[in-house]
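Here is how the chains run, residue by residue.
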Amino acid sequence: MGLTTTHWGTYYPQVEKGRITEMLPFSEDPDPSEIGAGFVGVLDAPSRVTAPMARKGWLERKGLAPAGRRGRDSFVELDWQTALDLVAGELNRVRTDYGNQAIFAGCYGWASAGRFHHAQSQIHRFLNCIGGYTKSVNTYSFAAAEVIVPHVLGDFRGFIYNQTSWESIIRDGSLFVGFGGVPLKNGQINQGGTGKHIQRQRVLEARQAGIEFVNISPLQEDMLDDLGAQWMAIRPNTDTALILGLCYVLLNEGLHNKEFLASHCTGFDRFADYLTGTADGQPKTPQWAAAICDLAPEAITSLARNMASRPTMISLSWSLTRQAYGEQPIWAGIVLAAMLGQIGLPGSGIGLGYSAVNRVGHNLERLPFAALPQGINSVSDFIPVARIADMLLEPGGDFDYNGGHHSYPDVKLVYWAGGNPFHHHQDLNRLVDAWQKPETVIVHEWCWNALAKHADIVLPVTTPLERRDLGFAPLDNYMISMEPAIAPVAGARDDFEIFADLARKCGVEERFTEGRNAEEWQAWLYDVSRQRLAKSGFEMPSYSDFREAGWHKLPERQTPEILFQDFRKDPLQHPLKTPSGKIEIYSETVAGFAYEDCLGHPFWRAPLEWLGAEDISYPLHLISHQPRTKLHSQLDQGPVSAAAKIKGREVVTLNPVDAASRQIKEGDIVRIFNQRGAILAGAKVSHTIRQGVVLMPTGAWFDPDPDRDGLCKHGNPNVLAPDRPTSRLAQGPAAHSCLVEIAVLPEAGLPEVSAHKPPEIAKK
Ligand SMILES: Nc1nc2c(c(=O)[nH]1)N[C@H]1C(S)=C(S)[C@@H](COP(=O)(O)OP(=O)(O)OC[C@H]3O[C@@H](n4cnc5c(=O)[nH]c(N)nc54)[C@H](O)[C@@H]3O)O[C@H]1N2
Ligand SMILES: Nc1nc2c(c(=O)[nH]1)N[C@H]1C(S)=C(S)[C@@H](COP(=O)(O)OP(=O)(O)OC[C@H]3O[C@@H](n4cnc5c(=O)[nH]c(N)nc54)[C@H](O)[C@@H]3O)O[C@H]1N2
Ligand SMILES: [Mo]
């Protein structure tokens with residue numbers, strides 16, 4: 001049986017008459033993810049893009065201004081040669097007339113697992129061969145942390161996947177405080193693939209070992225019921241205030257570790273002036289914090305004492321970064337851990353996002369697998385990833401970023417492969433307007449999602465189930481030989497093949513392919529990986545043995561990982577890469593940027609949209625978290641995602657009090673709205689969510705109603721979430737700072753969901 005790997009696990013796809021009938025879980029996986037079954041029935045469904053397509057209004061354009069509106073147009077089927085000639089022609093025209101910076105190809109997104117057929121690697125290599133492109137920096141996952149944490153701890157990427165392992169917590173921990181919980185639904189995912197899912201087993205082992213859990217979240221489900229966690233149902237977006245309150249108690253009661261602060265940290269005094277109110281007249285007492293977070297002051301005081309009395313692991317969920325001033329809870333959380341003085345000790349200290357993905361806390365070494373060489377991008381223009389709509393709307397406009405001052409390029413052509421901005425971006429109605437600006441939009445997709453529907457040219461690509469690949473990633477110790485389960489559906493081609501053809505048309509074929517086909521590239525990647533891993537002491541089988549065996553397991557770490565262990569033991573021998581070599585509780589660098597929304601130390605600033613806001617015209621706080629039944633928008637058209645919806649629409653969960661006051665019953669179709677737009681959803685009523693907060697998973701394909709401006713019929717929460725940066729420092733996305741109102745609707749006359757239907761297509 002051939003294997004395949006996905007971001008949500010490894011499977012044996014079962015095939016009958018050329019169709020996937022079942023995804024049998026990998027024999028090594030004790031806790032396989034249900035998401036895999038989402039592939040059943042979708043590969044040749046009507047939502048599949050079957051041939052190259054061009055938008056009618058774009059084909060009929062006169063001069064450079066396209067006719068019609070992207071997202072509302074019909075398409076014309078093309079043959080591959082015509083389509084590739086059009087794409088090559090557009091690339092050549094734009095780079096000749098405007099320069100390569102006029103091509104935007106950040107292509108943010110998760111694409112598919114598979115080391116070689118990785119869409120971004122392919123498109124970036126190709127575009128670098130023809131002179132480069134405007135790129136994006138940082139991620140939607142945790143941009144605010146990516147920018148602030150290096151100022152505080154000297155690095156971010158080097159830490160995020162080398163955190164203190166569950167083994168260490170189980171052995172030596174005692175208290176686990178999860179801001180945003182330990183969401184097991186998220187641990188299903190691992191970028192690049194996963195052999196075995198460990199999160200559920202490890203938290204249960206931790207519980208058995210006597211670890212006490214505290215779930216600080218508006219959502220009780222963020223920790224497994226079996227953990228018996230204390231639930232502190234915090235008001236969303238107020239974690240920084242809570243953390244400051246905890247820090248105040250430690251300082252006030254002398255529970256802070258003065259030796260650690262002196263030997264391993266810098267700037268505590270400046271921060272202490274802020275805590276005590278010497279700097280601004282407001283002591284950050286538990287009473288002060290309690291009023292902001294809507295928790296009891298006694299609960300804050302007793303949590304601080306509890307934390308100071310025993311080995312405590314603080315986990316800060318990645319979601320905390322995706323809110324207004326998302327830099328602050330992360331910095332404040334690190335400072336809290338520094339005051340407790342347990343950083344670098346077994347089972348305790350600081351962690352970011354246990355179970356955000358399967359890797360966090362998984363006791364593995366870093367595996368230096370080779371990636372497709374990217375070449376050099378000759379364009380220096382960039383945007384912080386979430387500033388895409390700003391870039392398109394304000395060419396030449398200025399923006400701040402991490403101490404620098406930059407301007408947006410004038411983008412004429414958008415080329416996207418391997419991500420879905422109509423999934424990941426906020427304020428989608430604004431994005432749709434911005435998206436009308438470029439002269440041409442080219443997209444590689446396999447399904448008719450909103451990105452494909454908003455393109456001028458769509459090139460249909462294969463899925464991983466239709467091609468051979470190397471299923472290995474630096475984040476997991478299972479190497480999987482990905483075998484095609486079925487032949488490419490209809491006219492689909494691999495991204496690599498498409499770029500190889502375009503490279504020929506652009507005169508850079510040799511540079512792009514180096515004379516290798518897909519199979520030869522994979523053998524090459526394997527060989528380079530094998531040499532690299534050998535240097536790190538890992539033995540990989542020969543390429544042919546690996547392909548024959550189907551998979552190979554590399555060893556786990558022998559001893560539990562403990563983050564900052566060396567720094568803790570000897571900060572002079574193992575300094576951090578900060579200016580002081582220590583943990584920067586106060587950063588002169590950040591202070592020097594003189595941003596009003598990110599000071600030299602962590603501080604509380606109220607978001608524009610939160611439950612404590614003065615203007616509460618929209619009185620409910622919307623959290624749009626990661627979906628349990630899929631990865632972002634991927635496989636939303638499949639059976640697993642469909643089973644979790646209500647009458648074909650995405651689910652919104654409300655507290656019984658909020659439901660009752662609006663006459664909303666379980667199963668009702670509701671309209672959720674604010675100043676940015678409206679969406680339809682099916683209501684679920686639950687005690688497991690804090691009053692005043694409503695919850696929607698992301699991922700329902702954006703389904704704008706052509707007859708009602710700004711309405712998504714299917715329930716994509718990014719219609720409602722604001723497109724505002726976290727701060728001038730990181731310019732990260734802040735989807736979780738969002739207020740809405742909800743009203744029940746009569747079911748008669750509701751517009752039908754058309755998210756998974758293809759657009760109108762004229763056959764040639
Ligand atoms: N409101 C709100 N919004 C959010 C978040 C949130 O918490 N709340 N979370 C944010 C986060 S953390 C993230 S990471 C982003 C995720 O946003 P994305 O990563 O952009 O979302 P995906 O749906 O995974 O998009 C991947 C796309 O790649 C396509 N694809 C798959 N395989 C291939 C391939 O081989 N070739 C090509 N060409 N295409 C392929 C898929 O069909 C899909 O359209 O969303 C962000 N958006
Ligand atoms: N099944 C599945 N798993 C995934 C993904 C997916 O799409 N599907 N996406 C993956 C990706 S790309 C990423 S980046 C990670 C993201 O991982 P996370 O950022 O951890 O994911 P979320 O589910 O958005 O958030 C976790 C929880 O944080 C809580 N929360 C939100 N706002 C606040 C707040 O202000 N305060 C507190 N205390 N809690 C809050 C919410 O209740 C939410 O359930 O997940 C990964 N895992
Ligand atoms: Mo993410």
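This is a predicted model, so every value here is computed, not measured.

> Explain the overall build of the protein to me, please; I cannot follow it from the model alone.
Scanning the protein from N- to C-terminus turns up 25 helices and 31 strands. Taking 764 residues into account, the globule formula puts the C-alpha radius of gyration at 27 Å, and the protein, at 26 Å, falls close to it. With the principal axes as the frame, the protein shows a C-alpha extent of 75 × 65 × 50 Å. In the protein, which comprises 764 residues, the share counted as buried stands at 65%. As displayed, the protein has an accessible area near 26200 Å², and 49% of this comes from carbon and sulfur atoms.

> In this structure, what is going on with the packing of helix H8 (residues 239–252) against helix H10 (residues 268–276)? I would like to understand it.
Describing two packed helices takes the angle between their axes plus the distance from one axis to the other. Put simply, H8 and H10 touch, their axes get as near as 10 Å, and they point 105° apart. Between H8 and H10, the crossing angle belongs to the class labelled roughly perpendicular. Residue-level contacts link Leu 244, Cys 247, Tyr 248 and Leu 251 of H8 to Phe 268, Phe 271, Ala 272, Tyr 274, Leu 275 and Thr 276 of H10.

> Just checking my understanding: could you explain the pattern of salt bridges for this structure?
Two side chains bearing opposite charge may form a pair once their charged atoms approach each other closely. Considering all chains together, one arrives at 50 salt bridges under this definition. In this structure, Arg 19 and Asp 44 form a salt bridge, with 3.0 Å as the shortest nitrogen-oxygen distance. Here Asp 44 lies in the loop between strand E3 (19–25) and strand E4 (53–55) and Arg 19 lies in strand E3, a separation of 25 residues in the sequence. Relative accessible area serves as the criterion here: at 42%, Arg 19 is assigned to the partly exposed category.

> Help me out: how do you make sense of the environment of Gln 282 in this one?
Within the secondary structure layout, Gln 282 lies in the loop between H10 and helix H11 (286–293). Between the C-alpha atom of Gln 282 and that of Gly 612, which follows or precedes it by 330 residues, the distance is 18 Å. In this structure Gln 282 touches Tyr 274, Leu 275, Gly 277 and Trp 288, once residues within four positions along its chain are discounted.

> Would you mind going over the site of ligand 2 with me for this structure?
Not every one of the 35 residues close to ligand 2 is listed here, only the nearest: Lys 185, Asp 222, Asp 239, Ser 319 and Arg 322. One nitrogen or oxygen atom from the side chain of Lys 185 is found 2.7 Å from an oxygen atom belonging to ligand 2. Side-chain polar atom of Gln 626 to a nitrogen atom of ligand 2: 3.0 Å apart, as the coordinates give it. Surface burial for ligand 2 is 99%, taken as the share of its 910 Å² of free accessible area covered by protein chains. Here the shell around ligand 2 is built from residues that sort into 16 nonpolar, 13 polar and six charged. A domain split of the shell around ligand 2 shows at least three residues from each of domain 2 (143–274 + 303–365 + 561–592) and domain 3 (620–744).

> What is the right way to read the site of ligand 1 from this model?
Among the 33 residues in the neighbourhood of ligand 1, the closest are listed as Ser 112, His 424, Glu 445, Ser 633 and Asn 718. At 2.4 Å, a side-chain N or O of Glu 445 approaches an oxygen atom of ligand 1. Here an oxygen atom of ligand 1 sits 3.2 Å away from a polar atom, N or O, in the side chain of Gln 626. In the complex, the protein chains occlude 98% of the 920 Å² of accessible area that ligand 1 would expose alone. Residue assignment for the shell around ligand 1 shows that the elements contributing at least two residues are helix H15 (421–424) and strand E18 (440–445). Classifying every residue of the shell around ligand 1 gives 10 nonpolar, 19 polar and four charged. Two domains each put at least three residues into the shell around ligand 1: domain 1 (50–134 + 379–468 + 486–515) and domain 3 (620–744).

> Is there a simple way to think about the domain arrangement of the protein in this case?
Accessible area lost upon the coming together of the parts serves often as the stated size of an interface. As far as domains go, the protein holds domain 1 (50–134 + 379–468 + 486–515), domain 2 (143–274 + 303–365 + 561–592) and domain 3 (620–744). A straight line from the C-alpha centre of domain 1 to that of domain 3 covers 28 Å. Counting residues at the interface gives 30 residues for domain 1 and 31 residues for domain 3. Counting across the domain 1 and domain 3 interface gives four salt bridges. Where Arg 72 meets Asp 709, a salt bridge forms, and the shortest distance between an N and an O atom there is 3.6 Å. For the interface between domain 1 and domain 3, the tally reads 18 residue pairs in polar contact (both at pLDDT 80 or more). If you list the elements that add at least two residues to the side of domain 1 that touches domain 3, you get helix H14 (388–393), strand E15 (398–401), H15 and helix H16 (428–434). The dominant element in the side of domain 1 that touches domain 3, judged by the number of residues it contributes, is H16, at four residues.

> When you look at unusual backbone geometry in this model, what are you seeing that I'm missing?
Note on backbone geometry: most residues besides glycine have negative phi, and most peptide bonds are trans. A positive phi angle is found at Cys 107, which is not glycine, with a value near 55°. Assignment of secondary structure puts Cys 107 in the loop between strand E6 (103–104) and helix H3 (119–129). At Lys 647, a residue that is not glycine, the phi angle is positive and equals roughly 50°. Along the chain, Lys 647 turns up in the loop between helix H24 (639–643) and strand E25 (651–654).

> I tried to follow the nonpolar core on my own but got confused; where do I start?
Judged by nonpolar contacts, the single largest core of 229 residues is most densely connected at Tyr 415 and Ile 583. The residues contacting Ile 583, other than those within four sequence positions of it, are Val 152, Leu 153, Phe 260, His 264, Cys 265, Thr 266, Ile 334, Ile 343, Phe 567 and Leu 576. Counting seven residues, the second-largest nonpolar core is a separate cluster that includes Leu 219, Ile 623, Ile 689 and Leu 739.

> Help me out: how do you make sense of the state of the cysteines in this one?
Linking two cysteines covalently via their sulfur atoms produces the bond known as a disulfide. Under the criterion given, the structure shown has zero disulfides. Lacking any disulfide linkage, Cys 129 is separated from the closest cysteine sulfur, that of Cys 506, by 9.9 Å. The class of Cys 129 is buried, set by a relative accessible area of 7%. No disulfide involves Cys 712; its nearest neighbouring cysteine sulfur is the one of Cys 738, lying 14 Å away.

> I'm lost on the side chain of Asn 655 in this one. Help?
Tracing the backbone shows Asn 655 in the loop between E25 and helix H25 (656–661). On the basis of relative accessible area, Asn 655 is assigned to the buried category, the value being 9%. Of the polar contacts made by the side chain of Asn 655, one reaches the backbone oxygen of Ile 689; its length is 2.8 Å. Apart from residues no more than four positions distant in its own chain, Asn 655 is found in contact with Val 685, Ser 686, Ile 689, Arg 690, Gln 691 and Val 693.

> What is the right way to look at the pairing of E15 in this model?
On a regular strand, one side chain projects to one face of the sheet and the next to the other, so that they alternate. Both E15 and strand E16 (residues 404–407) contribute to a ladder of four bridges, which runs antiparallel. Bridge assignment links Phe 399 to a residue of E16, and that residue is His 406. The hairpin turn running from E15 into E16, its antiparallel successor, is two residues long, and Asn 402 in that turn takes a positive phi close to 45°.

> Explanation requested: the sheet that holds strand E19 (residues 457–460) in the structure shown.
To summarise the sheet geometry, strands pair through backbone hydrogen bonds and adopt either a parallel or an antiparallel arrangement. The strand order across the open sheet formed by seven strands is E6-E17-E18-E19-E4-E5-E31, and the pairing between neighbours is mixed. Strands at the two margins of the open sheet, each flanked by one partner only, are E6 and strand E31 (761–762). Bridge count between E4 and strand E5 (residues 75–77): three bridges; the pairing is antiparallel. Its bridge partner being in E5, Met 53 is matched across the sheet by Glu 77. Taken strand by strand, helix H2 (residues 80–97) contacts E6, strand E17 (413–417), E18 and E19, and its axis lies near 130° from that of E19.

> Could you clarify how one ought to interpret helix H7 (residues 199–208) in this entry?
Looking only at H7, the buried set comprises Gln 199, Arg 202, Val 203 and Ala 206. Viewed along the axis of H7, the buried residues span an arc of 95°, placing them on a single side of the element. One or two steps after H7, the chain reaches Gly 210, where phi turns positive at roughly 95°.

> Looking at this structure, how should I read the packing of aromatic side chains?
The description of two aromatic rings rests on the distance between their centres and on the angle between their planes. If you walk through the whole model with that rule in mind, you get 36 aromatic pairs. On the numbers, 6.0 Å between centres and 65° between planes, the contact of Phe 104 with Trp 416 is edge-to-face. Note that Phe 104 is positioned in strand E6 and Trp 416 in strand E17, a separation of 312 residues in sequence. Trp 416 sits in the buried class, given a relative accessible area of 2%. Considering the side-chain rings of Phe 422 and Trp 435, the 5.0 Å spacing of their centres and the 85° angle between planes classify their relative orientation as edge-to-face.

Conventions and cut-offs
- Residues numbered from 1 in each chain as written.
- Chains lettered and ligands numbered in written order.
- Predicted model: local features only at pLDDT ≥ 70, side-chain atom pairs only at ≥ 80, totals over all residues.
- Heavy atoms only, no water.
- Helix = DSSP H or I, 4+ residues; strand = E, 2+ residues; numbered from the N terminus.
- Rg over C-alpha atoms; globule rule 2.2 N^0.38 Å.
- Buried < 20%, exposed > 50% of the residue type's maximum accessible area, 1.4 Å probe, protein only.
- Areas by Shrake-Rupley, 256 points an atom, 1.4 Å probe, with all protein chains shown as cover.
- Axes fitted to C-alpha atoms, helices over the stretch in contact; angles between N-to-C directions.
- Parallel < 35°, antiparallel > 145°, perpendicular 65-115°, else oblique.
- Contact = heavy atoms within 4.5 Å.
- Salt bridge = Lys/Arg side-chain N within 4 Å of Asp/Glu carboxyl O.
- Near = heavy atom within 4 Å.
- Polar contact = N/O pair within 3.5 Å; in protein donor to acceptor, adjacent residues only side chain to side chain.
- Nonpolar A, V, L, I, M, F, W, Y, C, P; charged D, E, K, R; others polar.
- Domains from an automatic or database assignment.
- Core = buried A, V, L, I, M, F, W, Y, C linked by side-chain atoms within 4.5 Å.
- Disulfide = S-S within 2.5 Å.
- Pairing = 2+ DSSP bridges.
- Arc of directions from axis to C-beta.
- Phe/Tyr/Trp six-rings, centres within 6.5 Å; stacked < 30°, edge-to-face > 60°.

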